[in-house]
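Chain residues, written in single-letter form:
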Amino acid sequence: METNRKVTLTYNEGKETLDLPVQSGTLGPDVVDIRTFSKTGMFTFDPGFLATASCESGITFIDGDLGQLYYRGYPIEQLAEKSDYLEVCYLLLNGELPTAAQRKEFERGIMRHNMLHDQLMSLFKGFRRDAHPMAVMVGVVGALSAFYHDSLDISNPEHRRISAHRLVAKLPTIAAQAYRYNKGLPFSYPKNGLTYAENFLHMMFSTPCEEYKVNPVLARALDRIFTLHADHEQNASTSTVRLAGSSGANPFACIAAGIACLWGPSHGGANEAVLKMLDEIGSVENVADFMQGVKDKRYKLMGFGHRVYKNMDPRASIMKQTCDEVLNELGLHNDPKFKLAMELEKIALSDPYFIERKLYPNVDFYSGIVLSAIGIPVSMFTPIFALARTVGWIAHWSEMISDPAMKIGRPRQLYTGAPRRDFTAVEKRK
């Protein structure tokens, strides 16, 4: 909202000034509205947009200094403890928690969309068996627009709602089938009598030979992972979805773009990197030497600290509790890999070097351990992140499309290439 305050910019050797209004949000720092800055004949320069608010949003709030994460105003700790993923999906998409009747109808609607078009199932067979599941996810999600033509009018709120429901419903099916195709297993279809997380475990691990019984502790752990990863404000992949959507692209194409961005190791591959680090360390006996190597800048510590959170990642404490529950349920506390992970945690939480630098274990550290304990291969960590984050992406996309002030994204640049020059015929070039 606009305030009575302003920032006055003096330029052109003090001969000219420009007043820039200051706006305040519900929470967080104020922003300087620079939309009229081009009147100066200059642009602002902010690589990575680290000091630039790219949009106005009412979905998620993060305070990295205080370690706070709110979905629609609700602290993530309360949602992870008292709610579940589908209720959080409703909250992110609609702005409010559902009534009992609304929740029942929403869950029924999601279940009605969790199957894939039969021809779409054959698309999986066009990929090599050893293709990374994320490559399959990008292709199949992008292809959804070729099968669901009845919800592509982005100016129609009902079409946007249907597309959102389809994406939330179908992403677990697509992710699970990508895994099964990679492993040479027959496709497993969803069961509407199971919860969202239970269904995903069923589609991942069931076989036609026997009945698959879902462990409720593991299902609850997976549901928490989905909830904790549902949204995280204007990160790289969310910004990618918004930028793609600003051109009027259909929602399936926009989500495919988000998945492609998430695939980057600096974004969605962090929990995968944790498991690779544990494999490289090898055993508990090597932990002390490794941590000294981190201090000496010889090794990189994955899953500790966070770019946004300068305090404890609020999601990490929830995942630590979940990690303990899963390891206890499966009797894995004495497993060499998990003992190694717990030793890393112990040192990071007690050594002054890591405490002073706020290198606390983050959500990726614990979620990687949990997913590995459940039996999910490392190659599926990022696809699971993608299916969880889809609801956040589509909520931001819908919010942007609904904004009458929306404009196609067009970042500027600081050009440092060659100045104007004339073409020279090849025989005259030196």
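Residues numbered from 1 in each chain as written. Predicted model: local features only at pLDDT ≥ 70, side-chain atom pairs only at ≥ 80, totals over all residues. Heavy atoms only, no water.

*Asks:* Explain the side chain of His 232 here, please?
*Replies:* With respect to the helices and strands, His 232 occurs in the loop between helix 8 (216–228) and helix 9 (236–245). His 232 sits in the buried class, given a relative accessible area of 9%. Only 2.7 Å separates the side chain of His 232 from the side chain of Tyr 309, close enough to count as a polar contact. Leaving out residues up to four positions away in the same chain, His 232 has contacts with Thr 60, Ile 62, Leu 69, His 306, Tyr 309, Arg 315 and Arg 389. (Helix = DSSP H or I, 4+ residues; strand = E, 2+ residues; numbered from the N terminus. Buried < 20%, exposed > 50% of the residue type's maximum accessible area, 1.4 Å probe, protein only. Polar contact = N/O pair within 3.5 Å; in protein donor to acceptor, adjacent residues only side chain to side chain. Contact = heavy atoms within 4.5 Å.)

*Asks:* Can you walk me through the pattern of salt bridges in this structure?
*Replies:* Side chains bearing opposite charge may pair, as long as their charged atoms lie close to each other. In this structure the tally under the stated criterion is 23 salt bridges. For Asp 150, the salt bridge goes to Arg 166, with nearest N and O atoms at 2.7 Å. A residue pair is termed long-range when its members are at least 10 positions apart, and Asp 150 in the loop between helix 5 (133–143) and helix 6 (157–183) and Arg 166 in helix 6 qualify at 16 residues. We classify Arg 166 as buried; its relative accessible area is 9%. The closest approach of N and O atoms between Arg 298 and Asp 296, which form a salt bridge, is 3.8 Å. Owing to a relative accessible area of 46%, Arg 298 belongs among the partly exposed residues under this scheme. Through salt bridges with shared partners, a single ionic network connects Asp 84, Glu 87, Arg 103 and Glu 107. (Salt bridge = Lys/Arg side-chain N within 4 Å of Asp/Glu carboxyl O.)

*Asks:* Just checking my understanding: could you explain the sheet that holds strand 1 (residues 2–11) for this structure?
*Replies:* Where strands meet in a sheet, backbone hydrogen bonds hold them as pairs that are either parallel or antiparallel. Strand order in this open sheet of three strands is 1-2-3, and the pairing throughout is antiparallel. Two strands close off the open sheet at either side, each with one partner strand: strand 1 and strand 3 (31–32). Relative to strand 3, strand 2 (residues 16–23) runs antiparallel, the two being bridged by two bridges. Across the sheet, Val 22 pairs through a bridge with Val 32, a residue of strand 3. (Pairing = 2+ DSSP bridges.)

*Asks:* Would you explain the sheet that holds strand 4 (residues 60–63) in this entry?
*Replies:* Taking strand neighbours across the sheet as the criterion, the three strands line up as 4-5-6 in an open arrangement whose pairing is antiparallel. Each of the sheet's edge strands pairs with one partner strand only, and the pair in question is strand 4 and strand 6 (74–75). In this sheet, strand 5 (residues 68–71) lies alongside strand 4 in antiparallel orientation, the contact comprising four bridges. Bridging across to strand 5, Phe 61 finds its partner in Tyr 70.

*Asks:* What should I look at first to understand the UniProt feature "transmembrane region" (unreviewed entry) in the protein in this one?
*Replies:* If you check UniProt for "transmembrane region" (unreviewed entry), the listed places come out as residues 365–388 in our numbering. With 75% helix and 0% strand, residues 365–388 has its two end C-alpha atoms placed 17 Å apart. (UniProt positions renumbered as here; feature names shortened; annotations may be inferred.)

*Asks:* I keep staring at the packing of helix 6 against helix 7 (residues 196–205) and nothing clicks. Help me out?
*Replies:* Where helix 6 meets helix 7, the axes come as close as 8 Å, and the angle between the chain directions of the two elements is 20°. Our classification of the angle between helix 6 and helix 7 gives roughly parallel. By crossing handedness, the relation of helix 6 to helix 7 is classed as right-handed. For the pair helix 6 and helix 7, contact is made by Val 168, Pro 172, Thr 173, Ala 175, Ala 176, Tyr 179 and Arg 180 and by Tyr 196, Phe 200, Met 203, Met 204 and Phe 205, respectively. Its residues assigned to classes, the contact of helix 6 with helix 7 shows ten nonpolar, one polar and one charged. (Axes fitted to C-alpha atoms, helices over the stretch in contact; angles between N-to-C directions. Parallel < 35°, antiparallel > 145°, perpendicular 65-115°, else oblique. Left-handed = near helix turned anticlockwise from the far one by under 90°. Nonpolar A, V, L, I, M, F, W, Y, C, P; charged D, E, K, R; others polar.)

*Asks:* Where do I start with helix 3 (residues 100–112) in this structure?
*Replies:* Note: α-helices contain 3.6 residues per turn, so residues at a spacing of three or four share the same orientation. With 13 residues, helix 3 ought to run about 18 Å at 1.5 Å a step, and its terminal C-alpha atoms sit 19 Å apart, in line with that. Among the residues making up helix 3, those that are buried are Phe 106, Gly 109 and Ile 110. The buried residues of helix 3 all sit within an arc of 100° when viewed along its axis, so they share a single face. Of the exposed residues in helix 3, those oriented more than 90 degrees away from the buried face are Ala 100, Ala 101, Lys 104 and Arg 112. The inward-facing, buried residues of helix 3 abut helix 2 (85–94), helix 6 and helix 7. (Expected span 1.5 Å × (residues − 1). Arc of directions from axis to C-beta.)

*Asks:* Explain the packing of helix 6 against helix 17 (residues 381–402) to me, please; I cannot follow it from the model alone.
*Replies:* Axes are the key here: two packed helices are described by the angle between their axes and the distance separating the axes. Relative orientation of the contacting elements helix 6 and helix 17 amounts to 165°, with a least axis distance of 9 Å. Considering their axes alone, helix 6 and helix 17 lie roughly antiparallel with respect to each other. Judged by the sense of rotation from one axis to the other, the crossing of helix 6 with helix 17 is right-handed. On the side of helix 6, the interface is formed by Arg 160, Ala 164, Leu 167, Val 168, Leu 171, Pro 172 and Ala 175, while helix 17 contributes Leu 387, Thr 390, Val 391, Ile 394, Trp 397, Ser 398, Ile 401 and Ser 402.

*Asks:* Got a minute to help me understand helix 11 (residues 270–281) in this structure?
*Replies:* In this model, helix 11 (twelve residues) spans 17 Å end to end at C-alpha, consistent with the 16 Å of a helix rising 1.5 Å per residue. Among the twelve residues that make up helix 11, nine are buried, leaving the element largely enclosed by the rest of the structure. Three or more residues of helix 11 are buried, namely Ala 270, Asn 271, Glu 272, Ala 273, Val 274, Leu 275, Met 277, Leu 278 and Ile 281. Elements that come into contact with the buried residues of helix 11 comprise helix 12 (287–295), helix 14 (336–350), helix 16 (363–374) and helix 17. Count one or two residues on from helix 11 and you reach Gly 282, which has phi positive near 95°.

*Asks:* Just to check I follow, could you spell out unusual backbone geometry for this structure?
*Replies:* The phi angle of most residues is negative, glycine excepted, and most peptide bonds adopt the trans form. You will see that Asn 12, though not glycine, has its phi angle at about 55°, which is positive. You can see Asn 12 is positioned in the loop between strand 1 and strand 2. Judged by relative accessible area, Asn 12 falls into the partly exposed class, the value being 40%. The phi dihedral of Arg 72 falls on the positive side, at around 50°, and the residue is not glycine.

*Asks:* Where do I start with a nonpolar patch on the surface in this structure?
*Replies:* Judged by side-chain polarity, Val 7, Val 32 and Ile 34 come together as a nonpolar surface patch covering roughly 200 Å² of accessible area. By the element assignment, Val 7 lies in strand 1. (Patch = residues over 30% accessible without salt bridge, like charges linked within 9 Å, V, L, I, M, F, W, Y side chains within 5 Å. Areas by Shrake-Rupley, 256 points an atom, 1.4 Å probe, with all protein chains shown as cover.)

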